[in-house]
Each structure stands twice: as structure tokens, then as C-alpha cells.
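Listed below are the residues making up each chain.
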Amino acid sequence: MKTSSLNAAEKFDTSRANEYGRQSRIALAGYDACQDLSACMLAATLGPADSANILVVGAGGTAQEIIAMARLESGWRFTAVDPSEPMLEAAKQQLDANNLLERTALHLGHVEELVADESYDAATLIGVLHHLEGEDAKRQILRSIRAHLKPDAPLIVAGNQYAYASQPLLLAAWGQRWRQHGASPDEVKAKLGKILQGADPPHSEAAVQKLLHDAGFGDATRFFSSLFWGAWLTCKVA
């Protein structure tokens with residue numbers, strides 16, 4: 001059975017939410033750099049502005065993309081969307097610790113459930129696509145985001161690409177990354193098995209570009225890479 005966005009959210013229970021910050025920073029070498037550069041890319045695209053409304057899809061966990069953007073642009077406000085209650089609660093705690101709750105509207109659910117006529121100056125979709133099984137689910141979330149963006153608005157997409165088993169050297173290096181942070185051989189083996197079974201990333205950068213084109217976005221500029229991970233900026237087209 002294809003994994004819906006609802007079923008994908010079920011993977012992010014309280015246990016996973018509690019460890020998400022540490023686990024993410026090990027699994028993705030350069031986690032914070034990717035978030036910081038995403039903020040820089042959006043700021044460079046939007047240009048000088050006193051204010052902007054940013055849609056942050058899959059914001060649960062660290063809320064680091066919001067923290068990075070807020071640090072760079074004091075006039076930006078955010079709508080944080082996530083279908084996992086434990087993950088959104090973890091994000092809320094991080095936003096509260098950084099005095100950002102007043103600038104952030106939290107929405108437990110999916111993009112499709114947002115007010116239909118609400119439009120945003122930009123959006124981010126970081127660490128989400130590879131958790132959605134099948135191209136239809138990936139296109140659906142991208143189209144839903146597009147429907148809430150103003151004309152020519154930028155979108156940051158970041159996440160894993162490649163069929164993991166097709167890149168044995170990257171997979172081995174990913175395992176070494178965990179070992180570098182103290183994981184035992186058995187723990188590394190378990191994590192490698194989990195990544196091979198637990199996600200469905202686009203199989204190439206060309207596949208990412210096609211998903212974006214199919215959903216109504218233009219050519220994407222890649223600005224970050226780390227093993228399987230890539231990050232791109234694209235813009236809504238008419």
C-alpha cells in the first residue's frame with residue numbers, strides 16, 4: 001500500500017520527536033548549514049522587504065528553518081504546518097525558547113487544510129519528500145504548496161535523493177557517520193537497514209526537477225549537498 005502523508009506522519013511519534021534534533025544532525029552532516037543557507041537563499045530571492053509571510057511545511061521537530069529565517073529577517077512571519085502532533089509540539093518548544101511563538105502560526109495538519117485564499121511570499125519543504133511514498137504523493141504536496149504561493153514566489157525543497165541501495169559508497173559513508181558519533185557496529189547495521197526500508201526518495205536530481213516541473217515550478221538551483229541530501233531553490237511559474 002502506498003504511504004499517504006498521514007501514514008508518513010505516524011512514523012514521527014513522541015519517541016522520534018524527542019530525539020529528532022540529535023538524530024538529524026548526525027544523519028545529515030551540515031544540518032544547520034543547510035537551514036542557514038536556505039534562509040539566505042530566500043532572503044536573496046525576496047530582496048529587501050519590511051515583512052514577508054513564509055509557509056513552512058513539515059516544520060515539526062527542531063523548527064530550525066524558522067529559527068534561521070527569523071534570525072536573518074526580523075520582519076518575517078511564519079505559518080508552521082506539520083501532521084505529527086509530537087513533532088509540532090517539539091517545534092513549539094523550540095520556538096518558545098527562541099521567543100518566536102508570536103511570529104509563528106502553528107497548524108496541526110496538512111497544507112490542503114489551510115485557508116484556501118491564504119497566500120504566502122515563500123515556502124520551505126525541508127526533509128519531507130523522501131518520507132512520502134510514490135510520485136503521486138510527492139506531486140500532491142508540491143501542488144498544494146504552489147496553490148498557496150503568490151506569483152513567482154520562491155520555494156526551498158530539501159531532502160534525500162537516490163535509491164539508497166544504488167549508491168553503496170554513499171550508504172557506507174553514511175554508516176561511518178553514525179560510527180563517528182559513537183554508534184556500535186550493531187547499531188550502524190540497524191540504522192542502515194532502517195534507511196533502506198523506511199523512505200522513498202526521488203531517484204535522482206533529474207527526478208526532483210521533474211516533480212517540481214510537474215507541480216508548476218521552474219528550474220531549480222541546487223545550493224547544498226551532503227551525501228544523499230540535496231537542497232534546491234525554485235519559483236512558482238504561471
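Participant: For this particular structure, what's the right way to read helix α9 (residues 205-214)?
Facilitator: Every α-helix winds through 3.6 residues per turn, so residues three or four apart in the chain are directed the same way. Along α9, the positions that sit buried rather than exposed are Val208, Gln209, Leu211 and Leu212. The arc that holds every buried residue of α9, seen down its axis, measures 160°, which confines them to one face. Tucked inside the fold, the buried residues of α9 contact α6 (135-147), β5 (154-160) and β7 (229-235). Where α9 begins, the side chain of Ser204 points an oxygen toward the backbone nitrogen of Ala206, at a separation of 3.4 Å. A positive backbone phi angle near 95° is found at Gly216, which sits one or two residues after α9.

Participant: What is the right way to read the sheet that holds strand β3 (residues 104-108) from this model?
Facilitator: Strand pairing in a sheet relies on backbone hydrogen bonds. The paired strands run either parallel or antiparallel. A sheet is described by the order of its strands in space; here seven strands give the open sequence β3-β2-β1-β4-β5-β7-β6, paired in mixed fashion. Pairing within the sheet leaves two strands with one partner each, and these edge strands are β3 and β6 (221-226). Averaged over neighbouring strand pairs, the angle between their axes works out to 15° when direction is ignored. Here strand β4 (residues 122-126) pairs with β5 via four bridges, running parallel. Bridging from a neighbouring strand, Thr124 pairs with Ile156 of β5. Docked against the sheet, helix α4 (residues 64-72) engages β1 (52-57), β2 (76-82), β3 and β4, running at close to 175° with respect to β2.

Participant: What is the right way to look at the packing of aromatic side chains in this model?
Facilitator: Both the distance between ring centres and the angle between the ring planes are used here to describe each pair of aromatic rings. A full pass over the atoms with the stated rule returns three aromatic pairs. Judged by centre distance (6.5 Å) and plane angle (65°), the ring pair of Tyr162 and Phe228 falls under edge-to-face. Taken together, the positions of Tyr162 in the loop between β5 and α7 (168-180) and Phe228 in the loop between β6 and β7 put the pair 66 residues apart, joining distant regions of the chain. Look at Trp174 and Trp178: their rings are 5.9 Å apart centre to centre, the planes differ by 70°, and that puts the pair in the edge-to-face class. Here Trp174 pairs with Trp178, and both are found in helix α7, just four residues apart, close to one helical turn. One exposure class covers both Trp174 and Trp178, and it is buried.

Participant: Explanation requested: α7 in the structure shown.
Facilitator: Relative to the 18 Å expected for 13 residues at 1.5 Å per residue, α7 spans 18 Å between its end C-alpha atoms, a close match to the ideal helical length. Within α7, burial applies to Leu171, Trp174, Gly175, Arg177 and Trp178. End-on, the buried residues of α7 take up no more than an arc of 150°, which puts them together on one face. Facing away from the buried surface of α7 by more than 90 degrees, the exposed residues are Leu169, Arg179 and Gln180. Positive backbone phi, at 95°, marks Gly182, one or two positions downstream of α7.

Cut-offs used in this document
Residues numbered from 1 in each chain as written. Predicted model: local features only at pLDDT ≥ 70, side-chain atom pairs only at ≥ 80, totals over all residues. Heavy atoms only, no water. Buried < 20%, exposed > 50% of the residue type's maximum accessible area, 1.4 Å probe, protein only. Helix = DSSP H or I, 4+ residues; strand = E, 2+ residues; numbered from the N terminus. Arc of directions from axis to C-beta. Contact = heavy atoms within 4.5 Å. Polar contact = N/O pair within 3.5 Å; in protein donor to acceptor, adjacent residues only side chain to side chain. Pairing = 2+ DSSP bridges. Axes fitted to C-alpha atoms, helices over the stretch in contact; angles between N-to-C directions. Phe/Tyr/Trp six-rings, centres within 6.5 Å; stacked < 30°, edge-to-face > 60°. Expected span 1.5 Å × (residues − 1).

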